[in-house]
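If you want the building blocks of each chain, they are given just below.
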Amino acid sequence: MTETARQPHTTPTRRRPASPWPLIMLVTGVALLFDVVRVFLPSLITLYGRAGETDPASMGMYAALWFVLPFAAVPAARLTSPRVVTTAGAVALVASRLGLQAADGGTPQLLLASAGVTAGLVFLYGCARTAAGTWAPAGLIGGLAASSIVHLALDRVDLVWRGGPLPWLAAVALCLAFLWSVRLSPASPVPAPAAVWFAFGPMLMLAGMYCGGPAILAQDTEQHSAPFTALAVALQVVALCAAVVYAWTTSWGWTAGLFLVAGVAAAETGVQGLPALVTTVALGACAGAAGRQADTTVGGRGGVAVLGGMLVFLAGAFLYYAAFDADLGFPNALVPVAVAVLVAAVAVRGGRRHRAAPVRRAPRRWGSIAVSLALLTGLLTWQSPPATRTITGDEFTLVAYNIRMGFGLGGRLDLDRVAAWAATRRPDVVLLSEVDRGWLLNGGHDDLARIARGLGMRYYFAPAADRLWGDALLTNLPVAEIGSTRLGRHGYPTGAQAQSIVLEVGDHKVGIVNTHLQEPRGQAPEVAAMVRPLTGKGVAKPRPVIVAGDLNTTPSDPQMRVLEAAGLSDPLRALGDPPTSPADAPVRRIDHVLISKGLTAVAAGAPRVPFSDHLPLVVRLRLD
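Residues numbered from 1 in each chain as written. Predicted model: local features only at pLDDT ≥ 70, side-chain atom pairs only at ≥ 80, totals over all residues. Heavy atoms only, no water.

Enquirer: Quick question: what am I supposed to make of the pattern of salt bridges here?
Expert: In the structure shown here, the tally under the stated rule is 16 salt bridges. Across the pair R450 and D155 runs a salt bridge whose closest N-O atoms are separated by 2.9 Å. Here the residue R450 occupies a position in helix α16 (residues 447–455), and D155 occupies one in the loop between α6 (136–153) and α7 (165–184), the gap between them amounting to 295 residues. Measuring nitrogen to oxygen at the nearest pair gives 3.8 Å for the salt bridge that ties R573 to D570. What makes R573 partly exposed here is its relative accessible area of 43%. The buried category is assigned to D570, whose relative accessible area is 10%. Members of the salt-bridge network, linked through shared partners, are D155, D416, R450 and R453. (Salt bridge = Lys/Arg side-chain N within 4 Å of Asp/Glu carboxyl O. Helix = DSSP H or I, 4+ residues; strand = E, 2+ residues; numbered from the N terminus. Buried < 20%, exposed > 50% of the residue type's maximum accessible area, 1.4 Å probe, protein only.)

Shown next, in the form of structure tokens:
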């Protein structure tokens, strides 16, 4: 009788869940990089040079330098290891970010932001070589989403622009969480495919343009009610959360690319609301499709791919915004559409090659988490428009100011300082030029809403260069009429408009033309032609009219004679003729407050404040 050999009893081994630290590392690292990029881009045009004046090729070469330097990580990883490169990039990124929190503008801000971009790309290169492919799509989109949600919750004035202990505490906490996650993230032999890393740069550009602000959700030339604005913010937050979920579940397939291209194209043709939300969600789905299967090539190509994708980001952003200062020969709206097509092609290619990849389930309770975040962010940004008010008497104060997108002489975002200073002048009417409502180039800030909040005034926006950049009126006086007329370009690439307004000042009505002339020789006659209709047709007593703003015209220029022929006069000549440009050493007055009969300027000045490259004009006017 043979005895059957007993087989040793083995307990089935349970598969250990993947460590979540790589996900946390990517989310926090991308959020820090996005912070730095929002400082680097405006510093490029306010500190290194001046948009419209500095040679674009020079600014482009400077910017490209910091996007090319990270390619040194390729030989560095061979000499040391990708893990060492990741850690070095992370430490340098944190040092740059904390340095920016401490910097007070100027050259240190420019260099810290530039070094931060390079450090962030070196960190991403290392992640592409070492981070587990499972987490890459959700981590990259999660970082973009987290940064955008915080940006919205902070009223689009990021921590880096804020002083005091609380912003410092939040920045330090984020940096520590990032470094701790880098330390605990294990290297993985199965990285994400190169496609998802390459797509990150183009996706960063699209996220910066369409995912970071509620101003894109509606054509808000006038201030909306608080519930409407909060709803716009909440919808954007829900869309960002959905993008992260779809980056994880990867269930859209080729339709993700279709929706992305359609959303961007619709937004660039002027359709408001839904396209921005569709674009946001589709970005996440495209990231998921691009990262459906791990890269099996030796060493992975993701490192070089992410650096190449960031060059696409730089080229796309440079081309899109350069069109406002130079004629590209084609509409700049084609640039983001082309970038969307590129992302879609990468996603579709990944989806077709790896159709058998399993579809992950959405995280539990993601819907309730998204709604909670949306409600919280909406409440944090709640802003009720002030009530209109009338004034007694026949005098009122007007401020006209070219704010240069809110960036002062030192390159710092000075929106709160502008509002605080203007409030000391107790203005009844504020006219602003170069108002930015969310350009990625300037950091994605809403200058107008922030200044209006600080002043406690209602705002009325007039798009000029595009739907997010133009001029604005702030006042709590009753507005009887308001409109905007687009001015001819006359060979100049930057668009211009003339905002026509009729205000009720006491028992009188006053007409105002608020404009920023880009090509005064051709546009001054157009503005002059608007004066007569504003005086009121067929009335016994003509309505007094004001033409104010950055006219890019000195009192002695021929264009001023054209405006004077329309019945306007320059009262500041008799009140000191204060120069307004450049702000640090003013030698000429190109900003004006011109008045017609029926108005007298009783006081005027151009205070020496450092919140722009122009000085503001403050004029006290009396109705005759």
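Okay, back to it.
Enquirer: Would you take a moment to explain the pairing of strand β7 (residues 508–515) for this structure?
Expert: Regular strands place side chains that alternate from one sheet face to the opposite one. Where burial is concerned, most of β7 is hidden: six out of the eight residues are buried. Strand direction decides the pairing type here: strand β6 (residues 496–505) and β7, joined by eight bridges, are antiparallel. By the bridge assignment for β7, A498 is matched with T515. With antiparallel pairing between neighbouring strands as the criterion, β6 and β7 make up a hairpin whose turn holds two residues, including G506 at a positive phi of roughly 65°. One ladder, built from four bridges, connects β7 with strand β8 (residues 545–550); its direction is parallel. From the neighbouring strand, V513 faces β8, where its bridge partner is V547. (Pairing = 2+ DSSP bridges.)

Enquirer: Please clarify how the packing of aromatic side chains should be interpreted in this entry.
Expert: Each aromatic ring pair is specified by the distance between its two centres and by the angle formed by the two planes. Scanning all chains against the criterion turns up 14 aromatic pairs. Ring centres of F123 and F178 lie 5.0 Å apart, and the angle between their planes is 80°; this geometry places the pair in the edge-to-face category. Of this pair, F123 sits in helix α5 (residues 106–130) while F178 sits in helix α7, and the two are 55 residues apart along the sequence. The exposure class of F123 is buried, given its relative accessible area of 1%. Seen in terms of ring centroids, W135 and W248 are 5.3 Å apart; in terms of plane orientation they differ by 20°. Their pairing is stacked. Taken together, the residues span a long stretch of sequence, with W135 in the loop between α5 and α6 and W248 in helix α9 (residues 226–249) at a distance of 113 residues. The two residues W135 and W248 agree in class, both being buried. Here the aromatic residues Y320, Y321, F324, W439 and W469 are joined through ring pairs into a cluster of three or more. One Lys or Arg, R38, reaches over the ring of F34 and ends 3.9 Å from the middle of that ring. Above the plane of the ring of F461 lies R437, whose end atom (NZ or CZ) is 5.1 Å from the centre. (Phe/Tyr/Trp six-rings, centres within 6.5 Å; stacked < 30°, edge-to-face > 60°. Lys NZ or Arg CZ within 6 Å of the ring centre and 35° of its normal.)

Enquirer: Any chance you could explain the nonpolar core here in plain terms?
Expert: Soluble globular proteins: nonpolar side chains tend toward being buried together. One finds L124, W197 and L474 to be the most contacted residues of the largest nonpolar core, which totals 134 residues. In terms of residues, this core owes the most to one element, helix α1 (residues 21–48), which gives 13 residues. Core analysis: the second largest hydrophobic core is formed by 28 residues, L431, I501, A548 and L572 among them. (Core = buried A, V, L, I, M, F, W, Y, C linked by side-chain atoms within 4.5 Å.)

Enquirer: Honestly, the packing of helix α4 (residues 82–102) against α5 in this entry has me stumped. Any pointers?
Expert: Geometrically, a packed helix pair is captured by the angle between its two axes and the distance between the axes. At a closest axis distance of 7 Å, the pairing of α4 and α5 adopts a crossing angle of 155°. The angle between α4 and α5 places the two elements in the roughly antiparallel class. Read as a crossing pair, α4 and α5 show a hand that is left-handed. Here the residues of the contact of α4 with α5 sort into 14 nonpolar, nine polar and two charged. (Axes fitted to C-alpha atoms, helices over the stretch in contact; angles between N-to-C directions. Parallel < 35°, antiparallel > 145°, perpendicular 65-115°, else oblique. Left-handed = near helix turned anticlockwise from the far one by under 90°. Nonpolar A, V, L, I, M, F, W, Y, C, P; charged D, E, K, R; others polar.)

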